[in-house]
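Given next are the chains, with one letter for each unit.
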Amino acid sequence: MSTVKLPPKGRKPEFFQAELVKVPDIMAHVYPLSPSTTLAERMGSEDARCPDCDDNRWWLLPRAGAAVREGGKAYCECLNCGYTTHL
Ligand SMILES: [Zn+2]
C-alpha cells in the first residue's frame, strides 16, 4: 500500500469526506500485483458476508485515513453495522 501525503496542518480545523464509489474488482484494486488472491481467502468466502449482520456491502476506508496509513492494510467497514475488517 503506497503512502499518502496529507495536506499540511494549519491553524483552522479542516474536514474531509470520502465518497462512496463502487470498486468493480476489489481484489484487483487491493492486490494488483498478486491477481491470484481471492476474496474467499481474505474474507472467508466469496460472499464476503459481514460476521455481525450478514450484509455484503463494504466501504473501503480511505488510504489517507489513520487506520490504513498506520495499519498498512486495506481496511473496510460494513456499510450496514460498522464492523471493520481488512482485506
Ligand atoms: Zn455488518
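Residues numbered from 1 in each chain as written. Predicted model: local features only at pLDDT ≥ 70, side-chain atom pairs only at ≥ 80, totals over all residues.

Quick notes on unusual backbone geometry
The phi torsion of most residues other than glycine is negative, and most of the peptide bonds are trans. Let me state the cut-off plainly: Going along the chain from the N terminus, every DSSP run of H or I of four or more residues is numbered as a helix, and every run of E of two or more is numbered as a strand. We call a residue exposed when 12 or fewer other C-beta atoms sit within 10 Å of its C-beta, buried when the count reaches 20 or more, and partly exposed for counts in between; the C-beta positions come from the backbone.
We note that A48 has phi near 45°; this positive angle belongs to a residue other than glycine. Mapped onto the fold, A48 is located in the loop between α2 (39-43) and β1 (58-60). With 19 C-beta atoms packed within 10 Å, A48 lands in the partly exposed category. Phi is positive for D54, which is not a glycine, with a value near 75°. By the secondary structure assignment, D54 is in the loop between α2 and β1. Overall, D54 belongs to the exposed group, with 11 C-beta atoms counted inside 10 Å.

Section: the environment of C81
Within the secondary structure, C81 sits in the loop between β2 (75-78) and β3 (84-86). Judged by C-beta crowding, with 13 C-beta atoms within 10 Å, C81 ranks as partly exposed. Taking the C-alpha atoms as reference points, C81 and C53, 28 residues apart in sequence, are found 6.7 Å from one another.

What to know about the nonpolar core
Worth spelling out the cut-off: Here a nonpolar core is just a set of buried residues of the types Ala, Val, Leu, Ile, Met, Phe, Trp, Tyr and Cys, joined wherever their C-beta atoms sit within 7 Å. Contact between two residues is assigned when their C-beta atoms, built from the backbone, lie within 7 Å.
Within the largest apolar cluster, five residues are counted, these being W58, L61, Y75, C76 and C78. The element best represented in this core is β2, accounting for three residues. The contact partners of C76, leaving out residues within four places of it in the chain, are W58, W59, L60, L61, T85, H86 and L87.

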